[in-house]
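Here are the chains, one letter per residue:
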Amino acid sequence: MTPESPTAPKPRNPRVALMGEFSAGKSTLANLLLGQDRSPVQVTATQLPPVWYRQGPPEAQRIDIDGRSEPLPIDDWSQVRPDDTRMISVGLGADILHACDLIDMPGTADPNMAPDFWSRFLPEVDLAIWCTPANQAWRQSEAALWEQVPPLLWTKSLLLVTRIDQMQTERDRARVMARVRAEAGALFRDVLPISLTGALAGRDDDEVLGATGAAALVEFLCHALEGLDSPRTAPLATPPRPKATAAPAPANPARPGRVVPRRIIRTKSGDHRAASENRPA
Ligand SMILES: Nc1nc2c(ncn2[C@@H]2O[C@H](COP(=O)(O)OP(=O)(O)OP(=O)(O)O)[C@@H](O)[C@H]2O)c(=O)[nH]1
Ligand SMILES: [Mg+2]
């Protein structure tokens, strides 16, 4: 099959999966990157299927296990159950979605997911950001799951040590980062610390973005996306495209030779609602 063939797979947006165990900060990270409070953030386990964000008019759909879709309200997914839903597909206008699709994944230890869920889903992903909370960073259960991931994904992915603000002293912070780098550094392209809640609270302030680790995260993401080969459509897991687009789709900035804008997590004025605790899932 040649690239010109009409049946050749089409280039598509890279897919970035936000992974980690329960309450590691995946949805907080999604909201930071999207510049909008969309993914439900809560102290207890959220128990949602994957939430797949793509550029498009604002709409949400539930995709069931057989691939059938039905509309969902964009801001209330409380009726969705992870055991009979393959994913929630969400169209949004967000700068980062020009560069990649974002997938806010369930906790990796979620018992609602089918046993073969991860081995089926991960080959569809181009890079992962694995969130591990600083106070219990890189547990054995995390290492055990990540070791099953295709090694090609290791070389592109980021281990993000969240809740770094909860380390009491600079020494504690350095100690946890040294340990995690020693134990997991070889399994990731990079290991970075972040305070997600700190970054969300001050995301329009460059100093805060630098101090919380958010600026380094964006830099990593931009480099990683720019370095990806143009991925091809994988028919099985691709969410349905939006029915109508308000404007023509922008050129994919993640193709080789393109530059991803560095200011992807800045909010436009009036766009941002503060991240809410205990929003209904
Ligand atoms: N202090 C602090 N709290 C954080 C940070 N990141 C996340 N949290 C808090 O941790 C809790 C869980 O965050 P979520 O983003 O919902 O975690 P999750 O990984 O999506 O959780 P599940 O979807 O349930 O698996 C929330 O109360 C967040 O406010 C951080 O960097 N620092
Ligand atoms: Mg979540």
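You'll find the structure just up there.
Residues numbered from 1 in each chain as written. Chains lettered and ligands numbered in written order. Predicted model: local features only at pLDDT ≥ 70, side-chain atom pairs only at ≥ 80, totals over all residues. Heavy atoms only, no water.

1. A word on the site of ligand 1
Quick reminder of the rule: Throughout, near means a residue has at least one heavy atom within 4 Å of the molecule or strand. Each polar contact in these results corresponds to two N or O atoms within 3.5 Å; when the atoms are within protein, one needs to be able to donate a hydrogen and the other to accept it, and residues that are neighboring in sequence are counted only if both atoms are side-chain atoms. Here the accessible surface of atoms and residues is derived via Shrake-Rupley with a 1.4 Å probe, and residues count as covered only by protein chains that are part of the display. The way it works is a 1 Å grid over only the protein atoms, where trapped points that fit a 1.4 Å probe form a cavity and open points with protein on both sides within 12 Å along at least five of seven lines form a pocket, and then any residue with an atom within 4 Å of a point lines it. Throughout, a molecule is located in a cavity or pocket provided that more than half of its atoms lie within 2 Å of its grid points. A run of H or I in DSSP counts as a helix once it spans at least four residues, and a run of E counts as a strand once it spans at least two, with each numbered from the N terminus.
Near ligand 1 there are 23 residues, and of these Lys26, Thr28, Thr46, Arg163 and Leu196 occur at the shortest range. A distance of 3.0 Å separates an oxygen atom of ligand 1 from a polar backbone atom of alanine 24. Within the contact set of ligand 1, a nitrogen atom lies 2.8 Å away from a side-chain nitrogen or oxygen of aspartate 165. Considering ligand 1 on its own, with 650 Å² of exposed area, one finds that the protein chains cover 92% of that surface. Because more than half of its atoms lie within 2 Å of the grid, ligand 1 is assigned to the second largest pocket. Looking at the shell around ligand 1, the elements that each hand over two or more residues are helix 1 (26-34) and helix 7 (196-201). It is helix 1 that provides the largest number of residues to the shell around ligand 1, a total of three residues.

2. Structural notes on the layout of surface pockets
Worth spelling out the cut-off: Grid points are joined across faces, edges and corners, and a volume is the space filled by probe spheres set on the points. Three residue categories are used. Nonpolar comprises Ala, Val, Leu, Ile, Met, Phe, Trp, Tyr, Cys and Pro, charged comprises Asp, Glu, Lys and Arg, and polar comprises the others, including Gly.
In this model, the second largest pocket occupies a volume close to 550 Å³. Considering the residues around the second largest pocket, the lining is formed by 31 residues, among which Ser23, Gly25, Thr28, Val41 and Gln42 are closest to the centre. For the lining of the second largest pocket, the secondary structure elements donating two or more residues are helix 1 and helix 7. In the lining of the second largest pocket, the residues fall into 13 nonpolar, 13 polar and five charged.

3. With respect to the sheet that holds strand 9 (residues 190-193)
Using the following cut-off: Two strands pair if DSSP finds at least two bridges between them. Axes here refer to lines fitted to C-alpha atoms; in helices the fit is confined to the stretch in contact. Angles between the N-to-C directions go from 0 to 180 degrees.
The mixed open sheet is built from nine strands, whose spatial order is 4-3-5-2-6-1-7-8-9. Across the chains shown, the open sheet's two edge strands, defined by having one partner strand only, are strand 4 (69-72) and strand 9. Put simply, the sheet's adjacent strands are angled 25° from each other on average, direction ignored. Sheet topology note: the strand 1 (residues 15-20)/strand 6 (residues 101-104) ladder contains four bridges and is parallel. By the bridge assignment, leucine 18 is partnered in strand 6 with aspartate 104.

4. Quick word on the packing of aromatic side chains
Worth spelling out the cut-off: Pairs were defined over the aromatic rings of Phe, Tyr and Trp, the Trp ring being its six-membered one, requiring ring centres within 6.5 Å. Orientation was assigned from the angle between planes: stacked under 30 degrees, edge-to-face over 60, tilted for the rest. Only protein chains enter the accessibility calculation, which uses a 1.4 Å probe. A residue is then buried if its area is under 20% of the maximum for its type, exposed if over 50%, and partly exposed in between.
One pass over the structure, following the stated rule, counts seven aromatic pairs. With centroids separated by 4.9 Å and ring planes inclined at 85°, the aromatic side chains of phenylalanine 117 and tryptophan 118 adopt a geometry described as edge-to-face. Ring centres of tryptophan 138 and phenylalanine 188 lie 5.6 Å apart, and the angle between their planes is 80°; on these two criteria the pair is classed as edge-to-face. Here tryptophan 138, found in the loop between strand 7 (127-133) and helix 4 (140-146), pairs with phenylalanine 188, found in the loop between helix 6 (170-184) and strand 9; they are 50 residues apart in sequence, far enough to count as distant. When its relative accessible area of 6% is taken as the criterion, tryptophan 138 is described as buried. Ring pairs connect the aromatic residues Trp52, Phe117, Trp118 and Phe121, which therefore count as one cluster.

5. Some points on the nonpolar core
For the record, the criterion: The definition of a nonpolar core used throughout is a set of buried Ala, Val, Leu, Ile, Met, Phe, Trp, Tyr and Cys residues joined through side-chain atoms within 4.5 Å. The contact rule is simple, with two residues in contact once any of their heavy atoms fall within 4.5 Å.
Leu29, Tyr53, Trp77, Leu102, Ile129 and Leu217 are the most contacted members of the largest nonpolar core, which has 42 residues in total. In contact with leucine 217, not counting residues within four places along its chain, are Leu29, Leu32, Leu33, Ile129, Leu158, Leu160, Leu192 and Ile194. Core analysis: the next-biggest nonpolar cluster, separate from the first, contains 35 residues, Trp138, Trp146, Val161 and Val191 among them.

6. Some points on the environment of alanine 99
The residue alanine 99 is located in helix 2 (residues 96-99) in this model. Look at alanine 99 and you get buried, because its relative accessible area is 2%. In this structure, the C-alpha to C-alpha distance between alanine 99 and proline 14, residues 85 residues apart in sequence, is 7.4 Å.

7. Digging into the pattern of salt bridges
Rules: Salt bridges are defined as contacts in which a side-chain nitrogen from Lys or Arg sits within 4 Å of a carboxyl oxygen from Asp or Glu.
For the coordinates displayed, the defined rule picks out 14 salt bridges. Ionic pairing is found between arginine 15 and glutamate 124, a salt bridge with its closest N-O pair at 3.6 Å. With arginine 15 in strand 1 and glutamate 124 in the loop between helix 3 (117-121) and strand 7, this residue pair connects regions lying 109 residues apart in the sequence. With respect to class, arginine 15 is no different from glutamate 124; both count as buried. With a closest N to O distance of 3.6 Å, aspartate 84 and arginine 62 form a salt bridge. Here aspartate 84 is found in the loop between strand 4 and strand 5 (85-92), whereas its partner arginine 62 is found in strand 3 (residues 59-64), with 22 residues between them in sequence. Of the residues examined, aspartate 84 reaches a relative accessible area of 28% and is grouped as partly exposed. Using a relative accessible area of 15% as the deciding quantity, one classes arginine 62 as buried. Connected through salt bridges with shared partners, the residues Arg62, Glu70, Arg81, Asp83 and Asp84 form a single ionic network.

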